[in-house]
Amino acid sequence: MKFMSYLRVALLTTLNIVLNAATAGRYVWLEGRVRRGIFANWAKRFRYRPGRFVRPKSQAEIVELVRSSRGLRVFGSGHSFNAGVVSDEALVSLDDYSGLLWTDRDKKQIAVKGGTRVRDVVELLAREGLAFGALPSHDAQSIAGILSTDVHGTGRDWGFVSQSVVSLKLVDGRGDVHECRPSDDLFKAAIGGIGTLGIITEVVVQGVDRFNVEQRVQVSDIPFVKKNLDRLLRENDHFSLYLFPFSERCQINTWNRTDKGHSFLGDLREFVNISIDALMAAWIGNFAAYTGSLRAFSSLAYGAKLGSHLVLESDRSFNRTIYHLHQELEFTVPFEDTFEECRRFIKLYEEMYPSGLPYALFEVRFTPAGHDRTLIGAGRERRCAWIDLVCNDARGFEKYYAAAEDLIREVGARPHLGKYCESLDRADMAKLHGDDFTKFLDLVDKHDPEGKFANAFTQRLFGHRGA
Ligand SMILES: Cc1cc2nc3c(=O)[nH]c(=O)nc-3n(C[C@H](O)[C@H](O)[C@H](O)COP(=O)(O)OP(=O)(O)OC[C@H]3O[C@@H](n4cnc5c(N)ncnc54)[C@H](O)[C@@H]3O)c2cc1C
């Protein structure tokens, strides 16, 4: 029932915040898990009972598992939004293969096991006085899951977690262990390859000295941002936008390295800010969408929105625990087309809204040209704008996403394969990634000749056979 689906978003978002606060940030309820034999992803939308569930404890066990299985898929923390984590036979978690392997203080590098959560990698780096050079917006994912979907953030000179990786180890479909570096084709195929070549078991991360970040959230309007986009991107290390339906108002977010000290009670204030945003979207935005009053809500709410200004430790600033129960469909377009393409997808939402869509906002991030660490990642090579259609996980979002996927196909946008992806297929991927896609498929055939890592989702996208 529509009402129940809206109420569910509001209640579960609230529960997530309360549980996280009660455990001093240690427990996030919205996370992918296997309980009593049933897997559920972070938003509890992909829920199924795998044939068997396996938690290997060593690389040798992972090799043995691959050699003895007919079909398997791995999951990290189930923070992707699609059926990539669905296994026809064995579902594998590396939760028992996580943690530190070694540290090299002189090179400022650490090696971690593939199941290590990003928040734990951050912690391990911090103990050595180190940090990631930059990070995306969330830290609950596993380091291997992040790389398998080539997770991005936003930045003038930086864009991807894979930029901080010196090397990785991968157990391929034949059970062979490969150590690969960013210049290797196998590395590039694994980054963004959604686990179709093998299991990423170890990752060497390049750290930088710990630093602070000055984070500003300001309310602005689209004509101003359009006119000043180049300058805003030039003047800030990291810059992103939130756009809203039925409104010319927008939110500018910036992150800049600073020598300034931490803000008073900065972490607590950040927690309050994030929680208020999540509750606003889950209760007020949801209520406005449900009652059909989003247009009126938009002109009032975004006009009254407050900004914030904090100096935090870099990882606290880049990574925000995201409490809000939502869905995301994200893709890249050429940087030059940023506003034209944003306009199209927002207009589509506004036109479909009377038919009953849940609350949505649109996050826009930017990555620089020259990303050559992936073959099929959406941010490959060109300077990109990432448009993220963020909808409350309530009834109606699927019909908007179905129409948006048609539009994605029409404009030739490249999909983020960690996000919602229900209809794009091999022909679309071939058109979008050309020779790189062919190279990717050749590597899949070579490293997983029996299709052990294939499932229905990868077969639709890549067309290769399964076990
Ligand atoms: C709240 C939230 C915020 C997010 N923010 C961002 C963001 O800022 N930027 C961004 O780009 N994305 C973002 N995402 C998307 C998401 O983080 C990524 O898609 C990421 O893959 C999830 O990591 P995970 O460990 O949960 O992987 P899972 O969802 O468990 O798995 C993702 C894919 O990787 C494969 N995989 C997992 N582990 C391995 C392994 N060891 N070896 C090989 N393959 C493996 C799986 O089979 C699956 O196909 C966000 C998602 C959520 C829910």
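Residues numbered from 1 in each chain as written. Predicted model: local features only at pLDDT ≥ 70, side-chain atom pairs only at ≥ 80, totals over all residues. Heavy atoms only, no water.

Peer 1: For this particular structure, what's the right way to read the domain arrangement of the protein?
Peer 2: It is common to give the size of an interface as the accessible area that goes away when the parts come together. Split by domain assignment, the protein resolves into domain 1 (12-93), domain 2 (100-209) and domain 3 (212-415). Using only C-alpha atoms to locate each centre, domain 2 and domain 3 end up separated by 25 Å. At the junction of the two partners, domain 2 supplies 32 residues and domain 3 supplies 31 residues. For the pair domain 2 and domain 3, the two sides together bury roughly 2500 Å², of which 53% comes from carbon and sulfur. Considering only the side of domain 2, the residues that lose the most area to domain 3 are H152, T154 and R156, jointly responsible for 28% of the buried surface there. Applying the counting rule to domain 2 against domain 3 returns one salt bridge. As a salt-bridge pair, R156 and D237 come within 2.9 Å of each other at their nearest N and O atoms. (Domains from an automatic or database assignment. Contact = heavy atoms within 4.5 Å. Buried area = accessible area lost by both parts, 1.4 Å probe. Salt bridge = Lys/Arg side-chain N within 4 Å of Asp/Glu carboxyl O.)

Peer 1: Could you clarify how one ought to interpret the nonpolar core in this entry?
Peer 2: L147, L241, L389, Y400, F440 and F462 are the most contacted members of the largest nonpolar core, which has 113 residues in total. Among the elements that make up this core, the one with the highest residue count is helix α10 (residues 338-352) (seven residues). Not counting residues up to four positions away in its chain, the partners in contact with L241 are V225, C250, Q251, I252, N253, F339, F362, E363, V364 and F366. (Core = buried A, V, L, I, M, F, W, Y, C linked by side-chain atoms within 4.5 Å. Buried < 20%, exposed > 50% of the residue type's maximum accessible area, 1.4 Å probe, protein only. Helix = DSSP H or I, 4+ residues; strand = E, 2+ residues; numbered from the N terminus.)

Peer 1: What should I look at first to understand the pairing of strand β7 (residues 100-104) in this one?
Peer 2: Consecutive residues of a regular strand have side chains that alternate between opposite faces of the sheet. Judged from the four bridges that link them, β7 and strand β8 (residues 109-113) form a sheet pairing that is antiparallel. Opposite W102, over in β8, you have A111 as the bridge partner. Here β7 folds back onto β8, and the loop between the two strands holds four residues, one of which, K108, carries a positive phi near 60°. (Pairing = 2+ DSSP bridges.)

Peer 1: I tried to follow the site of the ligand on my own but got confused; where do I start?
Peer 2: Near the ligand you find 35 residues, and of these V74, G76, S80, Q141 and T149 are the closest. Between the ligand and V74 there is a distance of 2.6 Å, counted from an oxygen atom to a backbone nitrogen or oxygen. Here an oxygen atom of the ligand and a side-chain polar atom of T149 are 2.7 Å apart. Out of a free accessible area of 970 Å², the ligand has 99% covered by protein chains. (Near = heavy atom within 4 Å. Polar contact = N/O pair within 3.5 Å; in protein donor to acceptor, adjacent residues only side chain to side chain. Areas by Shrake-Rupley, 256 points an atom, 1.4 Å probe, with all protein chains shown as cover.)

Peer 1: How should the packing of aromatic side chains be read in this particular structure?
Peer 2: Aromatic ring pairs are described here by two measures, namely the spacing of the ring centres and the angle between the planes. Considering all chains together, one arrives at 24 aromatic pairs under this definition. Centre to centre, the rings of F3 and Y290 are 5.8 Å apart; their planes meet at 65°, and the pair counts as edge-to-face. Placement of the pair is F3 in helix α1 (residues 2-22) and Y290 in helix α7 (residues 266-290), with a sequence separation of 287 residues. Chaining the aromatic ring pairs together yields one cluster made of F246, Y349, Y353, F362, F397, Y400, Y401 and Y420. Positioned above the aromatic ring of F335 is the side chain of R383, whose terminal nitrogen or guanidinium carbon lies 3.7 Å from the ring centre. (Phe/Tyr/Trp six-rings, centres within 6.5 Å; stacked < 30°, edge-to-face > 60°. Lys NZ or Arg CZ within 6 Å of the ring centre and 35° of its normal.)

Peer 1: I keep staring at unusual backbone geometry and nothing clicks. Help me out?
Peer 2: The phi dihedral of K108 is positive, around 60°, even though this residue is not glycine. With respect to the element layout, K108 can be found in the loop between β7 and β8. The class for K108 is partly exposed, based on a relative accessible area of 30%. With a phi angle near 60°, F246 is a residue other than glycine that sits in the positive phi range.

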